[in-house]
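Commentary on secondary and tertiary structure
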Amino acid sequence: MNTIGHLINGQLVTTSQRMQDVYNPATGEVSKQVALAPKETVEDAIAAAQAAFPAWRDTPPLKRARVMFRFKELLEQNSDKICQMIGEEHGKICHDAAGELQRGIENVEYACGAPELLKGEFSKNVGPNIDSWSEFQPLGVVAGITPFNFPAMVPMWMFPLAIVCGNTFILKPSERDPSSTLYIAQLLQEAGLPEGVLNVVNGDKEAVDVLLTDDRIKAVSFVGSTPIAEYIYATASANGKRCQALGGAKNHAIVMPDADMDNAVNQLLGAAFGSSGERCMALSVAVAVGEEAADALVAKMQTAMKNLTVGEYSDKTNDFGPVITRDHQQKVVGYINSAEADGAKVVVDGREPNISGYENGFFVGATLIDGVTAGMQSYKEEIFGPVLQVVRVNTMEEAMQLINDHEYGNGTCIFTRDGEAARYFSNHIQVGMVGINVPLPVPVAYHSFGGWKRSLFGDLHAYGPDGVRFYTKRKTITQRWPSSGVREGVSFAFPS
Ligand code: NAD
């Protein structure tokens, strides 16, 4: 059976005793095994990254950027292969995988601007013959820990920028779909990255805990579920590391009575069910304002959902694929059961999708639940499946209160034709990423990505300008070159 190992100091290695099965979620069959790195393997990777750091730190940013230009070309040349790897292990349809890869490549493009991004700040004559400047120096060895749902994009939120900033990197991808991530790292090696600058260790908690506690790791970026994000942030911080830990979500869309309902339905279909709802920005709750809007929304959704097709990744006519594991499939079905038991109405039921030829796959069909209320477990918790819940309210204020009271604050959207309402909403809503008639407001690579409340632990968002700040430390130098022959007097007053 195909075994997936680690990339350490430019070499593929498989040193582990412990292995974990990797599934094709469409068939339910084990397709590969991934090695789970023990402590010693992670320490080898850290040592390689530590050894590579001094030379990489001193490599001019322009030369570091040139590696990223070549990397971008290789990603584009090999995009079909990468999307196939994603499809085989994650299950998302090839057009969806291509979109994820493209958003990852955009982060590489941003990283290509390293010379500009690292220019620093300069002030002449801050005092007599004194100039001052701030520069942004790399931190050293930094680590990234990533989730299963974007095996190409989320790692590329992290390592391209960290590396062009002069750091060396240890990446710990999800053990559930590790192949595309490892292959992407190999492409960066092929693009000319010196050995040891990017290392990949596959593994689970054992590997992660080394990254969180080893003194040689200076910063940790994490993306995953909230309980783990909270643990990562607390442990990394307690061990003196800079940390940004992005967590889970429950993204609400407000559907106002004046919204273009057909447009809202089209947008909701893609945002709720695309990638089987396994996106941290998936819209999983539609808050309909007024009974008329709610009835129209539910009726139109019900009709439109009849045309959705669920299936295997390589068939481009499919709208979305399976969820990641059998356990997760059962968990999603459990949430639908609990909503029903709590008194909500399952309007479109995806609990038994019955995909011909893929009877053992981890499929859940698109599901619409009406009459959901804030007290229900299915409303409070992240489902991470193809389930859209409808909450009915009377006013926009009520809708906003619901969102602001929720534990998560990752993304949200309002569907309306009223500019004043939209402006009020974006100004007052307690959520980090806001869409106005845009269902998945994932910031472009030259902005930064991050939620509020328990969707992000830390101060700086991922990638973009915040990413540059996260992966560098500011140093401010104040310099005097006195004119020859001028001697400074003694002063005990604070310099001013
Ligand atoms: P997860 O939290 O289970 O795993 C994420 C990473 O943490 C993996 O690499 C995993 O190996 C590691 N991990 C798991 N358990 C651990 C433990 N006990 N100790 C140390 N490390 C551990 O998340 P997932 O299921 O892979 O991904 C889905 C979750 O990620 C969802 O909650 C989703 O909302 C979230 N997510 C958030 C964002 C965001 O930007 N906020 C983006 C993508 C996904």
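Residues numbered from 1 in each chain as written. Predicted model: local features only at pLDDT ≥ 70, side-chain atom pairs only at ≥ 80, totals over all residues. Heavy atoms only, no water.

1. Notes on the site of the ligand
This is how the line gets drawn: Whether a residue is near a molecule or strand is decided by its heavy atoms; if any one of them lies within 4 Å of it, the residue is near. Residues adjacent in sequence count toward polar contacts only when both atoms are side-chain atoms; beyond that, a polar contact is any pair of N or O atoms within 3.5 Å, and within protein one must be able to donate a hydrogen and the other to accept it. Gly is put with the polar residues, along with every residue not named as nonpolar or charged; the nonpolar set is Ala, Val, Leu, Ile, Met, Phe, Trp, Tyr, Cys and Pro, and the charged set is Asp, Glu, Lys and Arg. Here the bounds of each domain stem from an automatic or database domain assignment.
Near the ligand you find 27 residues, and of these K172, E175, S225, G247 and E382 are the closest. A distance of 2.7 Å is found between an oxygen atom of the ligand and a side-chain nitrogen or oxygen belonging to E175. In the model, an oxygen atom of the ligand is placed 3.1 Å from a nitrogen or oxygen of the R176 side chain. Taken together, the residues that form the shell around the ligand break down as 14 nonpolar, eight polar and five charged. Here the shell around the ligand spans two domains, since at least three of its residues come from each of domain 1 (3–247 + 455–477) and domain 2 (251–436).

2. Structural notes on the sheet that holds strand β5 (residues 29–35)
Formally: Strands pair, by our definition, only if DSSP identifies at least two bridges between them. Helix numbering and strand numbering both begin at the N terminus, where a helix is a DSSP run of H or I of at least 4 residues and a strand a DSSP run of E of at least 2. Each axis is a line fitted through C-alpha atoms, and for a helix only the stretch in contact is used; angles between axes span 0 to 180 degrees, taken between their N-to-C directions. The contact definition used throughout considers only heavy atoms, calling two residues in contact when any of these lie within 4.5 Å.
Strand order in the open sheet formed by three strands is β1-β5-β4, with mixed pairing between adjacent strands. The open sheet terminates on both sides in strands that have one partner only, identified here as β1 (2–4) and β4 (19–24). Across this sheet, the average inter-strand angle for adjacent strands is 40°, counted without regard to direction. Where β4 lies against β5, six bridges are found, and the strand directions are antiparallel. The partner of V22 across the bridge, within β5, is K32. Of the strands in this sheet, β1, β4 and β5 are in contact with helix α3 (residues 79–89), which crosses β4 at around 100°.

3. Things to note about the nonpolar core
Definition in use: Put simply, buried Ala, Val, Leu, Ile, Met, Phe, Trp, Tyr and Cys residues joined by side-chain atoms within 4.5 Å make one nonpolar core. Exposure categories follow from relative accessible area, calculated using a 1.4 Å probe and restricted to protein chains: below 20% of the type maximum is buried, above 50% is exposed, and the middle band is partly exposed.
F71, W157, F159, I163 and F169 are the most contacted members of the largest nonpolar core, which totals 69 residues. For this core, the element with the highest residue contribution is helix α6 (residues 153–164), accounting for 10 residues. The residues that make up this core include at least three from each of domain 1 (3–247 + 455–477) and domain 2 (251–436). Those residues in contact with W157 that lie beyond four places of it in its chain are N107, V223, L246, F449, A462 and Y463. Judged by nonpolar contacts, the second largest core, of 34 residues, contains A264, A271, F320 and V347.

4. Quick notes on helix α7 (residues 179–190)
Put simply, the rule is: Multiplying 1.5 Å by the residue count of a helix minus one yields the expected span of that helix.
The first and last C-alpha atoms of α7 sit 17 Å apart over 12 residues, in line with the 16 Å expected at 1.5 Å per residue. Burial within α7 is extensive, with 10 of its 12 residues counted as buried. Taken together, the buried positions of α7 are occupied by S179, S180, T181, L182, Y183, I184, A185, L187, L188 and Q189. Looking one or two residues past α7, G192 carries a phi angle of roughly 115°, positive in sign.

5. Side note on the packing of helix α8 (residues 205–213) against helix α9 (residues 226–238)
For the pair α8 and α9, the least separation of the axes is 9 Å and the interaxial angle reads 35°. Taken together, the residues of α9 that come into contact with α8 (itself represented by K205, V208, D209 and L212) are Y231, I232, T235 and A236. Within the contact of α8 with α9, the residues separate by chemical class into five nonpolar, one polar and two charged.

6. Structural notes on the sheet that holds strand β7 (residues 130–138)
Overall, antiparallel pairing links the three strands, which are arranged β6-β7-β23 in an open sheet. The open sheet terminates on both sides in strands that have one partner only, identified here as β6 (121–127) and β23 (472–480). With direction set aside, neighbouring strand axes in the sheet form an average angle of 25°. Two strands pair when backbone bridges link them, and β7 and β23 are joined in this way by nine bridges, in the antiparallel orientation. Bridging from a neighbouring strand, Q137 pairs with K473 of β23.

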